[in-house]
Amino acid sequence: MIIVMKNKADEKAVEKVLEWIEAAGYKAHVSKGVERTIIGAIGDERGKVFLKAVETWPGVEKVMPILQPYKLASRETKQGDTVITVGDVEIGGPKCVVIAGPCAVESSEQLMEAASVVKKGGASMLRGGAFKPRTSPYSFQGLGEEGLKILAKAREKTGLPVVTEVMRASDIELIEGYADVLQVGARNVQNFALLKAVGQAKKPVLLKRGMMTTLEELLMSAEYILASGNANVILCERGIRTFETAMRNTLDISAVPVLKDKTHLPVIVDPSHAIGKWKFVLPLAKAAVAVGADGLMIEVHPDPQHALSDGPQSLKPERFYDLMREIESIAKIVRKGYAEAHGAH
Ligand code: PEP
Ligand code: MN
């Protein structure tokens with residue numbers, strides 16, 4: 001932490017700051033310039049008394065942190081990339097991993113059909129919500145445990161690991177009994193009690209960016225999970241809310257390289273919830289792979305016209321096959337470079 005004193009700060013003000021810094025467990029380093037004094041508080045500021053309040057003290061101009069506020073999620077702490085293993089699937093490695101399936105599990109027939117499409121298309125994991133976060137309380141809320149059972153059955157049949165959303169801490173034990181990855185949705189990205197609870201779970205967590213969370217806030221949310229003991233966090237960019245109304249959300253494609261620069265955690269992209277319209281899912285998926293996403297989450301439905309949620313953005317089987325074919329060639333180029341730059345995993 002750097003503390004910049006005011007121009008006319010007297011010795012007494014400097015002394016008082018130095019005393020406080022040392023009492024808080026930092027080492028002080030004083031640099032006296034012609035104009036003003038700058039004090040370095042040396043030591044990891046995360047987890048210690050935060051010195052920001054010192055900014056209100058007499059003679060103090062500004063207090064600036066040096067380290068990122070997130071520690072475990074940061075590349076300052078871990079240089080190499082985190083690779084998360086789910087069954088035979090590696091997320092964050094050379095392969096661009098596709099997680100696909102319907103928005104919600106609606107019935108056994110619907111999910112089994114979706115699962116076989118997803119498998120045939122070459123996806124690595126199956127998605128499907130059993131507990132759905134819906135804007136309206138009158139919309140389909142998901143099948144609950146029945147949906148989880150159907151997901152487990154689909155995993156048995158296809159061998160695909162299953163990703164599903166958890167909305168409250170009290171459901172974690174139940175969901176962990178069926179699912180391979182716990183999804184925390186955009187609306188719960190700053191539900192800190194839920195983040196701490198999934199941090200104690202044994203299964204990896206797929207953490208979606210909220211529609212109005214900054215990347216730093218997203219990383220702080222990941223930090224909650226990591227600090228609670230779960231090292232397996234996958235970040236997901238799914239579009240943010242902007243002034244633009246032509247699409248459901250605005251896919252922040254720049255989030256991918258910026259997050260990859262700041263964190264060692266894998267970063268995937270969900271173009272379906274970002275754009276909200278099936279016909280734009282493919283170009284955004286291609287962009288996401290090109291920009292270095294470690295994976296994609298794609299909504300696929302055997303009959304989007306009769307879907308109980310998110311039909312307009314869901315791909316029909318044929319369109320999903322097209323997408324898988326089209327991203328393959330991009331992934332080949334991008335991920336090859338990635339593997340060379342990061343070393344084989
Ligand atoms: C979902 O993936 O099912 C979902 C609800 O997405 P989001 O939380 O990104 O809106
Ligand atoms: Mn959806």
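Not measured: the values here are computed from a predicted model.

Cut-offs and rules
- Sequence positions are assigned chain by chain, starting from 1 and proceeding in written order.
- Written order decides the labels, with chains lettered from A and ligands numbered from 1.
- Per-residue local features of the predicted model are confined to residues with pLDDT of at least 70, and side-chain atom pairs are confined, for both listing and counting, to 80 or more; whole-chain, interface and lining totals are unaffected and use all residues.
- Hydrogens and water are ignored here; the side-chain numbers use all heavy atoms of the structure.
- Axes here mean lines fitted to C-alpha atoms, for a helix over just the part in contact, with angles spanning 0 to 180 degrees between N-to-C directions.
- Put simply, DSSP marks the helices as runs of H or I at least four residues long and the strands as runs of E at least two long, and each gets a number from the N terminus on.
- By definition in this entry, angles of less than 35 degrees are roughly parallel, angles greater than 145 are roughly antiparallel, angles of 65 to 115 are roughly perpendicular, and the rest are oblique.
- Handedness of each helix crossing follows the sense of rotation of the near helix against the far helix: counterclockwise by less than a right angle gives left-handed, clockwise gives right-handed.
- The contact rule is simple, with two residues in contact once any of their heavy atoms fall within 4.5 Å.
- Near residues are defined by distance, with any heavy atom within 4 Å of the molecule or strand qualifying the residue.
- Under the rule applied, a polar contact is a pair of N or O atoms within 3.5 Å (in protein, one hydrogen donor and one hydrogen acceptor; residues adjacent in sequence only if both atoms are side-chain atoms).
- Only the protein chains shown count as cover for residues, and all accessible areas are computed by the Shrake-Rupley method using a 1.4 Å probe.
- We place a 1 Å grid over just the protein atoms. Points where a 1.4 Å probe fits but has no way out form a cavity, open points with protein on both sides within 12 Å along at least 5 of 7 lines form a pocket, and any residue with an atom within 4 Å of a point lines it.
- Criterion for pocket placement: a molecule counts as inside a cavity or pocket if more than half of its atoms are within 2 Å of its grid points.
- Aromatic pairs are defined between Phe, Tyr and Trp rings, using the six-membered ring for Trp, whenever the two ring centres lie within 6.5 Å; interplanar angles under 30 degrees are classed as stacked, those over 60 as edge-to-face, and all others as tilted.
- Buried means the residue's accessible area, taken with a 1.4 Å probe over protein chains only, is under 20% of the maximum for its type, while exposed means over 50%, and partly exposed covers the values in between.
- Sitting over a ring, as applied to charges here, requires NZ of Lys or CZ of Arg to be within 6 Å of the ring centre and within 35 degrees of the ring normal.

### Considering the packing of helix 6 (residues 215-227) against helix 7 (residues 255-262)
Okay, so step 1: Helix 7 packs onto helix 6 with a crossing angle of 50 degrees between their chain directions and a minimal axis gap of 11 Å. Considering the angle they form, helix 6 stands oblique to helix 7. You can see that helix 6 and helix 7 cross each other, and the crossing is right-handed. Between helix 6, through L215, L218 and L219, and helix 7, the contact on the second element is made entirely by A255, V258, L259 and K262.

### A few points about the site of ligand 1
Okay, so step 1: The environment of ligand 1 is made up of R127, K132, P133, E165, Q183, G185, A186, R187, K208, R238 and H273.
Okay, so step 2: Here an oxygen atom of ligand 1 sits 2.8 Å away from a polar atom, N or O, in the main chain of A186.
Okay, so step 3: Within the contact set of ligand 1, an oxygen atom lies 2.8 Å away from a side-chain nitrogen or oxygen of K208.
Okay, so step 4: Within the complex, the protein chains bury 96% of what would otherwise be the 290 Å² of accessible surface of ligand 1.
Okay, so step 5: The cavity where ligand 1 resides is the largest pocket.

### Structural notes on the environment of E318
Okay, so step 1: Structurally, the position occupied by E318 is in helix 10 (residues 317-342).
Okay, so step 2: When the C-alpha atoms of E318 and E106 are compared, they prove to be 20 Å apart, with 212 residues separating the residues in sequence.

### Some details on the environment of P94
Okay, so step 1: Tracing the backbone shows P94 in the loop between strand 6 (89-91) and strand 7 (97-101).
Okay, so step 2: In sequence terms P94 and K336 are 242 residues apart; their C-alpha atoms lie 7.1 Å from each other.

### A few points about the packing of aromatic side chains
Aromatic rings considered in pairs are described by the distance between their centres and by the relative angle of their planes.
Okay, so step 1: This model, assessed by the stated rule, comprises 2 aromatic pairs.
Okay, so step 2: Centre to centre, the rings of W20 and W57 are 6.2 Å apart; their planes meet at 50 degrees, and the pair counts as tilted. One end of the pair, W20, is in helix 1 (residues 11-23); the other, W57, is in the loop between strand 3 (37-42) and strand 4 (60-64), and 37 residues separate them in sequence.
Okay, so step 3: The exposure class of W20 is partly exposed, given its relative accessible area of 32%.
Okay, so step 4: Classification of W57 by relative accessible area gives partly exposed; the value is 21%.
Okay, so step 5: Between the NZ or CZ atom of K16 and the centre of the ring of W57, over which it lies, the distance is 4.3 Å.

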